Amino acid sequence: MPTTAKRAERADAQRNRRKVLETADRLFGEGGTAVSLGEIAAAAGVGAGTVYRHFPTKDALLATVLDERLRALGEYGAAMVRHPDPETAFFSYLGFLADQALANRAICEALAGRNDWMEPAKAAGSCVIDSPLAVLLGRVQESGRVRGDLDLEDVRALLSCCVGMAGATGSPGRARRLVEVVWDGLRVQRNPGERNETRPVMASSNETAVTEGACPVCGTPIAPAGTGRPAKYCSPACRQKAFRDKRKGA
């Protein structure tokens, strides 16, 4: 076969593969993972043999769709880390992640079932959203625009609720509106009692001073935070206790 014909054949194969992937992504998002390869082939306008040539099983096709999703999440996160405005970057990334969950519930459930959006290509199995989200959260808290009593696990827990929220409301539009309400609750101006202090505070009403670098609740030395931002408390338990005490005294 002439070289030109081989190149045209390869180009056609690549176009068909991309068409199958885009169609599978849409159908999995709309109808869940029960969608068959035959349905995907028909919607993509290709023969079943074309689908099987690229993806011998539905699991192989779904895994590829999920990896494409993870790549998009990682690329958007990296772009937001480069964004100059901490508040815009943080809430834009949250909005992007929430939209993915609300518009593609089945795919997000499959990602969660694959061990909480872990990227299998990474030997360490790190979560693809953790690194950019930790950086963005640290930056926006340092800017004083987001509550200082939140950590990465808190934000991820809120994100995981988006999938359930879409099912509970039965309406993506309503779910998006409720998600916006949740995000507003993270902002300092919505919670005037919250301050993003980085200096030590008093441990209790007896006004016992806390030494620099020690937890203001129990006095335990605080290890440096992974994001480089000084931690306020030694553990989530102490952070929650301080938050409850602050609310009681408000």
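Described below are features of the structure shown in this document.

Thresholds, definitions, all that
Residues numbered from 1 in each chain as written. Predicted model: local features only at pLDDT ≥ 70, side-chain atom pairs only at ≥ 80, totals over all residues. Heavy atoms only, no water. Axes fitted to C-alpha atoms, helices over the stretch in contact; angles between N-to-C directions. Helix = DSSP H or I, 4+ residues; strand = E, 2+ residues; numbered from the N terminus. Parallel < 35°, antiparallel > 145°, perpendicular 65-115°, else oblique. Left-handed = near helix turned anticlockwise from the far one by under 90°. Contact = heavy atoms within 4.5 Å. Nonpolar A, V, L, I, M, F, W, Y, C, P; charged D, E, K, R; others polar. Expected span 1.5 Å × (residues − 1). Buried < 20%, exposed > 50% of the residue type's maximum accessible area, 1.4 Å probe, protein only. Phe/Tyr/Trp six-rings, centres within 6.5 Å; stacked < 30°, edge-to-face > 60°. Core = buried A, V, L, I, M, F, W, Y, C linked by side-chain atoms within 4.5 Å. Polar contact = N/O pair within 3.5 Å; in protein donor to acceptor, adjacent residues only side chain to side chain.

## Focus: the packing of helix α4 (residues 58–81) against helix α7 (residues 130–142)
Phase 1: Remark: α4 packs on α7, axes separated minimally by 9 Å, with the N-to-C direction vectors making an angle of 25°. The orientation of α4 relative to α7 falls into the category roughly parallel. In this structure, α4 crosses over α7, and the sense of that crossing is left-handed. Residue-level inspection shows G77, M80 and V81 of α4 in contact with α7, the latter providing P132, V135, L136 and R139.
Phase 2: Grouping the amino acids of the contact of α4 with α7 by side-chain chemistry returns 5 nonpolar, 1 polar and 1 charged.

## Brief notes about α7
Each full turn of the α-helix corresponds to 3.6 residues, which orients residues three or four apart in the same direction.
Phase 1: Here α7 contains 13 residues, and its C-alpha end-to-end distance of 18 Å stays within 8% of the 18 Å for a straight helix at 1.5 Å per residue.
Phase 2: Of all the positions in α7, only P132, L133, A134, L136, L137, G138, V140 and Q141 are classed as buried.

## Looking at the packing of aromatic side chains
Phase 1: Inspection of every chain in the model, using the stated rule, returns 3 aromatic pairs.
Phase 2: Ring geometry for Y76 against Y93: centres 6.3 Å apart, planes inclined by 15°, an arrangement best described as stacked. Within this pair, whereas Y76 is found in helix α4, its partner Y93 is found in helix α5 (residues 86–103), the two being separated by 17 residues in sequence.
Phase 3: Here Y76 falls in the partly exposed class, since its relative accessible area comes to 28%.
Phase 4: Taking 4.1 Å as the distance between ring centres and 5° as the angle between the ring planes, the aromatic pair formed by Y76 and F96 counts as stacked.

## A closer look at the nonpolar core
Phase 1: Ranked by size, the top nonpolar core spans 29 residues in total, and within it F90, L94, L159 and W183 carry the most contacts.
Phase 2: Counting residues per element, the ones that place at least two in this core are α4, α5, α7, α8 (152–169) and α9 (172–184).
Phase 3: Broken down by element, this core gets its largest block of residues, 10 residues, from α5.
Phase 4: The residues contacting W183, other than those within four sequence positions of it, are F91, L94, G95, A98, L158 and L159.
Phase 5: By size, the runner-up hydrophobic cluster in this structure holds 17 residues, among which are L21, F55, L61 and L62.

## Topic: the environment of R187
Phase 1: Turning to its location among the elements, R187 is positioned in the loop between α9 and α10 (236–249).
Phase 2: Between the C-alpha atoms of R187 and G148, which are 39 residues apart in sequence, the distance is 9.6 Å.
Phase 3: Beyond its immediate sequence surroundings of up to four residues, R187 is in contact with E87, F91, R145, V146 and R147.
Phase 4: Side chain to side chain, R187 and E87 meet in a polar contact 2.7 Å long.

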